[in-house]
Amino acid sequence: MTMFEAILLTIITASTPLLIAAIGQLVVERSGVLNLGMEGMMIMGAACGFAAAILSGNSYIGVLAAIAAGMGMSMIFAVLTLGLAANQVASGLALSIFGLGLSGVIGAPFVGARRDTMARLDLPVLSDLPVIGKALFGQDPFVYASFALVIGVWWFLTRTKPGLILRACGESHASAHALGYPVLKIRLFAILFGGACAGLAGAYLSLVYTPFWSPGMTAGRGWIALAIVVFASWLPWRAMAGAYLFGGITILQLHAQGAGVKIPSQAMAALPYLVTIIALVIIMSRRGGQQSAPASLGVPFVPDR
Amino acid sequence: MTTATPLMLASGIVKRFGALVANDSVDLAIGPGEVHALLGENGAGKSTLVKILYGLLQPDAGTLAWEGRTISLKSPAEARRLGIGMVFQHFSLFEALTVAENVALALDGTEPVSAVADRLVSVSEAYGLPLDPRREVWRLSVGERQRIEIVRCLMQNPRLLILDEPTSVLTPQETEGLFATLARIKAEGCAILYISHKLEEVRRICDRATILRHGKVVATCDPRQESAASLAQMMVGSKVMPTRHEPVLSDQAPFLRVQDLSLRSPDPHGTHLSGIDLEVRPGEITGIAGVAGNGQDELFAALSGEILAARAEVIILAGQPVGHGDINTRRKLGAAFVPEERLGHAAAPRLSLSDNALLAGHATNGFVRSGLVDKPGTLGWVDRVVAAFDVRKGPRDPAASALSGGNLQKFVVGRDILRNPRLLIVSQPTWGVDAGAAALIRQALVDLARSGAAVLVISQDLDELFEIADRMAVIFHGRLSPAQPTAGLAREAVGLLMGGSGFGPGEARARDAA
């Protein structure tokens, strides 16, 4: 394997969790809901996925558990913001804090088990695809799933009637309601989809990227995924570009540190975040402050009955 | 009334919202192919009733029957399946989506958007309502947006078309076009439920009328046999006093002078102002007519100081250049401002009336003494406004959102008129207000002008401007026509200006270029 291939492979593994989480969040925001609980849902996915994989000895059960955990977390958010029309920003922030705490409790018994399980967990996920894996730089099912998600979400949003209805809810929930669409139900499905994606992204972190559990291991990736959605101006293909830009810079700065570039490592480690902020600023100013956000984003909807 | 089975029969409809009974045993019968008017003041329960007919609301009691068969409408989709189409007053369109996508959303089934677009073009051409399916809605004029709503109803081959105040956003010429379309739809056998409070229109195009007052049916009649005055009396329950107003022209120097005001709208979907000239003289009411979205909001913001002009000399108030001055600078020079949105712009909904009085008057009314709020003083001011403008409310100092629309509007207009301003700028002074409150507000504006103040009224209600304005100008695509004396001014001439004739070419709407 050449140096270039190795770097490309690590970039893909660094970008995939961001892409999965961002594409889920993109669907949620397109329906008009701002769920800032990404970080909490993601780390719950990581903790529950890792725990389930160890207890069952099967990584796929771990993945399913992670998806369920993300959806469960998003269900709490849905009850608060859709059922009780609570403030979405406050509810999302609370969900993030709650998830970080609860995942610590769930993951605590598994902190010491990392060395033993690392190799064992690594195998079923990667060895499932030895032939295709080798041909395509040895990728895991998550990477394929992330590409399928981008294509699927793009097709769903732009080419299907349900996708059009979902976008309509995000643009004007009052109009969508007037036409007879069940705004809250549509948003519930979007939120659950976002939770499933967040859980899946978390599972990737604890089962593939660094196959062990440590508290707070998502390290702000949920927040980056939120920024990527804005960066992408709510378009799936641009979300992919954003995720890979961020993942790429993360890896390249590691290699730059390894090559002995004379910049403090802390500054280098901050580079991806800095680039994300700069890219967001440039994109917003190029658009002349014009918003491309869904018009009803973050606004609670209460039908008059 | 014919003996045939009514197409739609609503009997004993009751709908409550909390303590408010919006519909109280309402009966309504719409015959096949009939143009039926639903008349009533704002808050009479018209919108609630049509939402029930369209399946958006469920009645608490009462039944609906479609061609003699009892039905229950659980959703608008069920209503559409029966052949009921609805054109909303506040359009139910999605600004960021294209025309075709908007239409596809209103159609049941899984027809792809491209197929919808093709059908849309053929239907819109057949009815003389041209539309480009690929345009995004925010680029379209209000008249074009209404066309989308009508066309998307027509694409479902409706048996009953419900129109909620369709002409309130149209120029007189566009209204004529709409009536021609409605005549065609009627000729094809489709019944129309026409909701309006414009009585002359109702007398012209409707076969029958049901009149609602305070949620109850007070009369069913043939509007062609009634006069506008008798219909109004049934709507309001008492005689509405016409505004006492004789147009006058003042020879005094303008109190407000705007010269070559150009402005970029901060709203990406807004309208930029270009080269606006305007003079407002003491003793006169100057009216600005125009269809919504032609720069009224931007003009109001520029005059009030919410958006500052590029050069100070562009706006001259009491002889002083104030283009760079904020709203309090202008208030201190004797100006007062009443914006269009009463909840959220003119008044903070959750603050009390006295706090709202403080917000508007802290710079001019002496409510603040050495940095402290004079609460008894502001409460006394609220009492004066309430007494002078007949504001009906429960407690002495309720939250602004607790007042009904008409009473809050009387409060926000009265709050600034009682200051005896030398200039009052008011936008949509009677929008969505019942006839009694509207008459009171209009009379107050006329009286203020007669007492020597300069008054500028920005309104989309042409009848209102002809009633109270001494001079009138028209705003179109961010440009303003010269103001002309209202006496002797023809409605048709104003209507042509509202549609853009006479403004000359080469001035495409700025937002189109963006």
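Located above this text is the structure these notes cover.
Not measured: the values here are computed from a predicted model.

(A) Representation of helix α11 (residues 353-361) of chain B in the model. Residues and elements named next belong to chain B. Burial of α11 is extensive: seven of the nine residues sit out of reach of the surface. Residues of α11 that are buried include every one of L353, S354, N356, A357, L358, A360 and G361, and no others. In this fold, the buried residues of α11 make contact with α10 (327-332), β17 (368-369), β18 (372-373), α12 (375-389) and α13 (405-417).

(B) Region of interest: the interface of chain A and chain B. Facing 17 residues of chain A, the contacting portion of chain B comprises 25 residues. Each partner contributes to the roughly 1,700 Å² buried at the junction of chain A and chain B, and carbon and sulfur atoms together form 61% of this total. At the junction of chain A and chain B, the tally comes to one salt bridge. E101(B) serves as the salt-bridge partner of R167(A), at 3.0 Å between the closest nitrogen and oxygen. Across the chain A-chain B interface, the total number found is five residue pairs in polar contact (both at pLDDT 80 or more). Looking at the side of chain A that touches chain B, the elements with two or more residues in it are α8 (161-171) and α9 (173-178) of chain A. The greatest single-element share of the side of chain A that touches chain B, amounting to six residues, is contributed by α8(A).

(C) Seen up close, a nonpolar patch on the surface. Residue and element names in this part refer to chain A. Taken together, M75, I76, V79, L80, L84 and F98 make up a surface patch of nonpolar side chains, about 510 Å² in accessible area. Per-element accounting of the nonpolar patch gives the leading share, four residues, to helix α3 (residues 59-83). Tracing the sequence through the fold places I76 in helix α3.

(D) Molecular detail of the environment of V218(B). All names here are of chain B. One can find V218 in strand β10 (residues 216-221). Relative accessible area serves as the criterion here: at 36%, V218 is assigned to the partly exposed category. Residues V218 and Q428, spaced 210 residues apart in sequence, show a C-alpha to C-alpha distance of 29 Å. Excluding anything up to four places from it in sequence, V218 contacts I211, R213 and M234.

(E) Geometry of the pairing of strand β4 (residues 61-66) of chain B. All names here are of chain B. Where strand β1 (residues 8-17) and β4 come together, five bridges link them in antiparallel fashion. Opposite A10, over in β4, you have L64 as the bridge partner. Counted between consecutive antiparallel strands, the loop separating β4 from strand β5 (residues 69-71) contains two residues, among which E67 sits at a positive phi close to 55 degrees.

(F) Representation of the sheet that holds strand β14 (residues 315-317) of chain B in the model. Residue and element names in this part refer to chain B. The antiparallel open sheet is built from four strands, whose spatial order is β12-β11-β14-β15. Bordering the open sheet on either side are β12 (273-280) and β15 (320-321), each of which pairs with just one other strand. Across three bridges, strand β11 (residues 256-263) lies against β14 in antiparallel orientation. Paired with V258 across the two strands is I315, which belongs to β14. Contacting β11, β12 and β14, helix α9 (residues 296-304) crosses the sheet at an angle of about 125 degrees to β11.

(G) Focus on the packing of aromatic side chains. Across all of its chains, the model carries six aromatic pairs over all chains by this definition. Seen from their ring centres, F142(A) and Y204(A) are 5.0 Å apart, and the 70 degrees between their planes marks the pair as edge-to-face. With F142(A) in helix α7 (residues 141-159) and Y204(A) in helix α10 (residues 183-209), this pair connects stretches of sequence that are 62 residues apart. Classification of F142(A) as buried rests on a relative accessible area of 6%. Owing to a relative accessible area of 0%, Y204(A) belongs among the buried residues under this scheme. Ring geometry for F300(B) versus F337(B): centroids 6.5 Å apart, planes at 85 degrees, classification edge-to-face.

(H) Region of interest: the side chain of T175(B). All names here are of chain B. As for its placement among the helices and strands, T175 is situated in helix α6 (residues 172-187). The class for T175 is buried, based on a relative accessible area of 8%. If we ignore the near neighbours within four places in the chain, the residues touching T175 are T167, L170 and E201.

(I) How the structure looks around the pairing of strand β16 (residues 335-338) of chain B. Residue and element names in this part refer to chain B. Here β16 shows no split at all, with A335 and F337 on one side and A336 and V338 on the other all buried. Pairing between β16 and strand β19 (residues 423-427): four bridges, direction parallel. Paired with A335 across the strands is L423, a residue of β19.

(J) The arrangement of the environment of L462(B) in detail. All names here are of chain B. Tracing the backbone through its elements, the reader meets L462 in helix α15 (residues 462-468). Judged by its relative accessible area of 9%, L462 is buried. Taking the C-alpha atoms as reference, L462 lies 6.6 Å from A289; in sequence the two are 173 residues apart. Those residues within four positions of L462 in sequence are excluded, and the remaining contacts are P172, A289, M472, R491, V494 and M498.

(K) Spatial organisation of the side chain of D207(B). Residues and elements named next belong to chain B. Here D207 shows up in the loop between α7 (199-205) and β9 (208-213). On the basis of relative accessibility, which here comes to 15%, the residue D207 falls in the buried class. Only 3.4 Å separates the side chain of D207 from the side chain of K186, close enough to count as a polar contact. Dropping the residues within four chain positions of it, D207 is found in contact with G33, E34, V35, K186, D222, P223 and R224.

Conventions and cut-offs
Residues numbered from 1 in each chain as written. Chains lettered and ligands numbered in written order. Predicted model: local features only at pLDDT ≥ 70, side-chain atom pairs only at ≥ 80, totals over all residues. Heavy atoms only, no water. Buried < 20%, exposed > 50% of the residue type's maximum accessible area, 1.4 Å probe, protein only. Helix = DSSP H or I, 4+ residues; strand = E, 2+ residues; numbered from the N terminus. Contact = heavy atoms within 4.5 Å. Buried area = accessible area lost by both parts, 1.4 Å probe. Salt bridge = Lys/Arg side-chain N within 4 Å of Asp/Glu carboxyl O. Polar contact = N/O pair within 3.5 Å; in protein donor to acceptor, adjacent residues only side chain to side chain. Patch = residues over 30% accessible without salt bridge, like charges linked within 9 Å, V, L, I, M, F, W, Y side chains within 5 Å. Areas by Shrake-Rupley, 256 points an atom, 1.4 Å probe, with all protein chains shown as cover. Pairing = 2+ DSSP bridges. Axes fitted to C-alpha atoms, helices over the stretch in contact; angles between N-to-C directions. Phe/Tyr/Trp six-rings, centres within 6.5 Å; stacked < 30°, edge-to-face > 60°.

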